[in-house]
Amino acid sequence: MKNINNTLCEDTSNIENQNKYAERVRKIINEKISREKRPLYVFIQTFGCQQNEADSERLLGSALSLGYEKADSIENADLIIFNTCAVREHAELKAFSKTGQLKHLKEKNPDIIIGLWGCMVNQEHRVDEIKHNYPYVNFAAGTNMLHRLPEILCDVLETNRRRYYVDDSNYPLVEGIPVKRMSDIKAWISIMYGCNNFCTYCVVPYVRGRERSRDADVIVEEAKNLIESGYKEITLLGQNVNSYGSDKGEVSFAKLLQRIAELDGEFIVRFMTSHPKDVSDELIDVIATHKKIERHFHLPIQSGSDEILFKMNRKYTTDAYTKVAEKLKKAIPDIVFTTDIIVAFPGETDEDFEKTLVMCDKIGYDSIYSFIFSPRKGTPAEKMENNITDAQKNERMSKLLSQHRERIVKINKSYENTVQKVLCETKKNESGCYFGKTSGFKLVKFTYNGNDNIYGRFVDVLITSSSETMLTGKMI
Ligand code: SAH
Ligand code: SF4
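As the structure is a prediction and not an experimental result, all values here were calculated from the model.

Trainee: Please explain the site of ligand 1 as it appears in this structure.
Mentor: Around ligand 1, a shell composed of 15 residues is seen, among which Arg88, Gln239, Gln302, Asp340 and Ser374 lie nearest. Between an oxygen atom of ligand 1 and a side-chain N or O atom of Arg88, the distance comes to 2.9 Å. In the model, a nitrogen atom of ligand 1 is placed 3.0 Å from a nitrogen or oxygen of the Tyr201 main chain. Computed on the free molecule, ligand 1 has an accessible area of 530 Å², of which 89% lies beneath the protein chains in the complex. Looking at the shell around ligand 1, the elements that each hand over two or more residues are β13 (336-343) and β14 (367-372). The class makeup of the residues in the shell around ligand 1 is seven nonpolar, four polar and four charged.

Written out as structure tokens, the structure is:
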């Protein structure tokens, strides 16, 4: 991929350089607000993973700092941004389909600015499609442009030209981007960006660049401020969090997690995603000793066949994976495992797939996020011969899901009559229920008959029944 657009300002890695553009954007927006005697609204829709959710909170924060207000609905918006995902074709098609639906809004009001952001847009062939098929899209910008929203909007507002920013050569690590968080009790903190692993099926290293770890002191300070302002759950995010720091050689992920877990205050900390090859003894030790770190480990296995793992370039065997899981279980007996699985990777035989089922039973996952292999342009697996029919793909997927269903019903049943500590994440709903999660990330629906406001509080819930999808109980 190459730089499609010229950069507009000299040092694009510097947030201060955005200030002059921000001033110009604010002026244009304020003039429009005075003219039309109404606020201007921004609407941001996110596709894909938690890292995208976290990025969208920064896009929203930036837009609000420029003078926009948050729109209740897309119909009212003056600025619409779709933050896209490229991990599977389905996510890309969804973003395009939603973009297609914006045409009538633009026809009604040509002043609306429409932007496509994120991973999908960091691929040249997708930008070509946007250029040709969606002429009403004003701008497209990749993940590495996050701090440059003022500059991009300034360009669009002043020139009315369509602009496309795709640049895989420069992935700066920029601090200080304004953020508007979606929740007032749960916060994401991206601790690193990018990925170095190049799993053969995955587009992430191409669209998010190489691993860049944020400074540990800055992350700890961010966590401290969030906790002091009332946040109860901090989730540390990265494509491969447990290799945090390896690009800098300073603070390891285990040390970073420990520093956060040792902060004062009543809160819990979660993290995702971890790569099985990077689970150190030090990390296991830190989780075992710190009660503020939740007992949930998302450890994507992808396949239970060593041949397929090798073709995926996952850099571990099922044996090595099992050893890591056993070590974790020994040190932290109540740990809950969840995983990702790709079904029908090129060359996967019935025997390979059966081995995946065996591994799932052996580890006993509480949740499985399963995906049918989706060829991604430019990745090695795209070129691998793949003779698996659609019927076989669907059959394997439904086998995996039904095996999982049987297991999870039993696992959830074992929670009945136990007391679980839960962060109350919602206000009371119409049927008088609240929702939260256990330490192991299980959804809990519960009742509470008192009058206190329990939103954002840690409460003890007696589990009285269970189903495939959740635990149900009452606060005690
Ligand atoms: N960094 C994380 C998440 C990557 S994307 C990790 O390594 O686990 C989330 C999940 O999407 C992956 O774990 C994988 O199971 C799935 N995935 C990635 N690329 C895919 C593809 N081309 N087809 C199907 N599933 C894919
Ligand atoms: Fe993709 Fe593999 Fe990196 Fe995860 S570890 S983001 S699956 S390349």
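Trainee: How do you make sense of the side chain of Thr379 when you look at a structure like this?
Mentor: Here Thr379 lies in the loop between β14 and α14 (390-413). Take Thr379: its relative accessible area is 2%, and that puts it in the buried class. From its side chain, Thr379 meets the backbone oxygen of Arg376 in a polar contact 2.6 Å long. In contact with Thr379, not counting residues within four places along its chain, are Thr200, Tyr201, Cys202, Val203 and Tyr206.

Trainee: Would you explain the packing of helix α10 (residues 281-289) against helix α12 (residues 318-331) in this entry?
Mentor: How two helices sit against one another is set out by the angle between their axes and by the gap between those axes. Where α10 meets α12, the axes come as close as 9 Å, and the angle between the chain directions of the two elements is 30°. Considering their axes alone, α10 and α12 lie roughly parallel with respect to each other. For α10 against α12, the interelement crossing comes out right-handed. Between α10 and α12, the residues in contact are Asp281, Ile284 and Ala288 and Lys327, Leu328 and Ala331, respectively.

Trainee: Sorry if this is basic, but what is going on with the pattern of salt bridges here?
Mentor: Oppositely charged side chains can pair when the atoms bearing their charge come close. Taken as a whole and assessed by the stated rule, the structure comprises 40 salt bridges. Between Glu23 and Arg26 there is a salt bridge whose closest N-O contact spans 2.8 Å. Of this pair, Glu23 and Arg26 both sit in helix α1 (residues 19-36), three residues apart, which is roughly one turn of that helix. Residue Glu23 is classed as partly exposed on the basis of its relative accessible area, which comes to 49%.

Trainee: What exactly am I supposed to notice about the side chain of His404 here?
Mentor: By the element assignment, His404 lies in helix α14. On the basis of relative accessibility, which here comes to 13%, the residue His404 falls in the buried class.

Trainee: I'm lost on the nonpolar core in this one. Help?
Mentor: A general feature of soluble globular proteins is that nonpolar side chains tend to end up buried together. Counting residues in hydrophobic clusters, the biggest one holds 68 residues, and the most contacted among them are Ile191, Leu236, Phe253, Leu257, Ile260 and Phe297. Setting aside residues no more than four positions away along its own chain, Leu236 makes contact with Ile189, Ile191, Val241, Phe253, Leu257, Ile260, Val269, Arg270, Phe271 and Met272. In this structure, Ala86, Leu105, Tyr134 and Tyr136 belong to the second largest nonpolar core, which totals 30 residues.

Trainee: How should the sheet that holds strand β7 (residues 186-190) be read in this particular structure?
Mentor: Pairing between the strands of a sheet is mediated by backbone hydrogen bonds and can be parallel or antiparallel. In spatial order, the strands read β7-β10-β11; together these three strands make up an open sheet with parallel pairing. Of all the strands in the sheet, the pair left with one neighbour each is β7 and β11 (268-272). Averaged over all pairs of adjacent strands, the angle between strand axes in this sheet comes to 20°, irrespective of strand direction. Here helix α8 (residues 216-228) sits on the sheet and contacts β7 and β10 (233-237); the angle it forms with β7, its principal contact strand, is near 170°. Helix α9 (residues 253-261) rests against β10 and β11 of the sheet, and its axis sits at about 155° to β11.

Trainee: What should I look at first to understand the sheet that holds strand β19 (residues 471-475) in this one?
Mentor: Strand order around the closed barrel formed by five strands is β15-β16-β17-β19-β18, with mixed pairing between neighbours. Between one strand axis and the next, the sheet turns through 50° on average, direction left out of account. Here five bridges tie strand β16 (residues 433-437) to strand β17 (residues 443-447), and the two strands are oriented antiparallel to one another. Within β17, the residue paired with Cys433 across the bridge is Thr447.

Trainee: Which parts of the structure should I look at to understand empty space enclosed by the protein?
Mentor: Taking a probe equal in size to a water molecule and rolling it over the atoms shows the remaining empty space. Applying the stated criterion to the full structure yields two cavities of 30 Å³ or more. Taken as a whole, the largest cavity holds about 170 Å³ of empty space. Along its surface, the largest cavity is lined by 13 residues, and Thr143, Leu146, Pro172, Tyr193 and Arg212 are the ones closest to its centre. Taken together, the residues of the lining of the largest cavity sort by class into six nonpolar, three polar and four charged.

Trainee: Sorry, what's going on with unusual backbone geometry here?
Mentor: With glycine set apart, most residues show a phi of negative sign, and most peptide bonds adopt trans. Omega for the peptide link from Met272 to Thr273 comes to 5°, which places this bond in the cis form. Note that Thr273 resides in the loop between β11 and α10. In the Ramachandran plot, Ala344 falls in the positive-phi region, its phi being about 65° despite a non-glycine side chain. Within the element layout of this structure, Ala344 appears in the loop between β13 and α13 (350-363). By relative accessible area, which is 1% here, Ala344 ends up buried.

How each quantity is defined
Residues numbered from 1 in each chain as written. Chains lettered and ligands numbered in written order. Predicted model: local features only at pLDDT ≥ 70, side-chain atom pairs only at ≥ 80, totals over all residues. Heavy atoms only, no water. Near = heavy atom within 4 Å. Polar contact = N/O pair within 3.5 Å; in protein donor to acceptor, adjacent residues only side chain to side chain. Areas by Shrake-Rupley, 256 points an atom, 1.4 Å probe, with all protein chains shown as cover. Helix = DSSP H or I, 4+ residues; strand = E, 2+ residues; numbered from the N terminus. Nonpolar A, V, L, I, M, F, W, Y, C, P; charged D, E, K, R; others polar. Buried < 20%, exposed > 50% of the residue type's maximum accessible area, 1.4 Å probe, protein only. Contact = heavy atoms within 4.5 Å. Axes fitted to C-alpha atoms, helices over the stretch in contact; angles between N-to-C directions. Parallel < 35°, antiparallel > 145°, perpendicular 65-115°, else oblique. Left-handed = near helix turned anticlockwise from the far one by under 90°. Salt bridge = Lys/Arg side-chain N within 4 Å of Asp/Glu carboxyl O. Core = buried A, V, L, I, M, F, W, Y, C linked by side-chain atoms within 4.5 Å. Pairing = 2+ DSSP bridges. 1 Å grid on protein atoms, 1.4 Å probe; cavity = no way out; pocket = protein on both sides within 12 Å on 5 of 7 lines; lining within 4 Å. Points joined across faces, edges and corners; volume = space filled by probe spheres on them.

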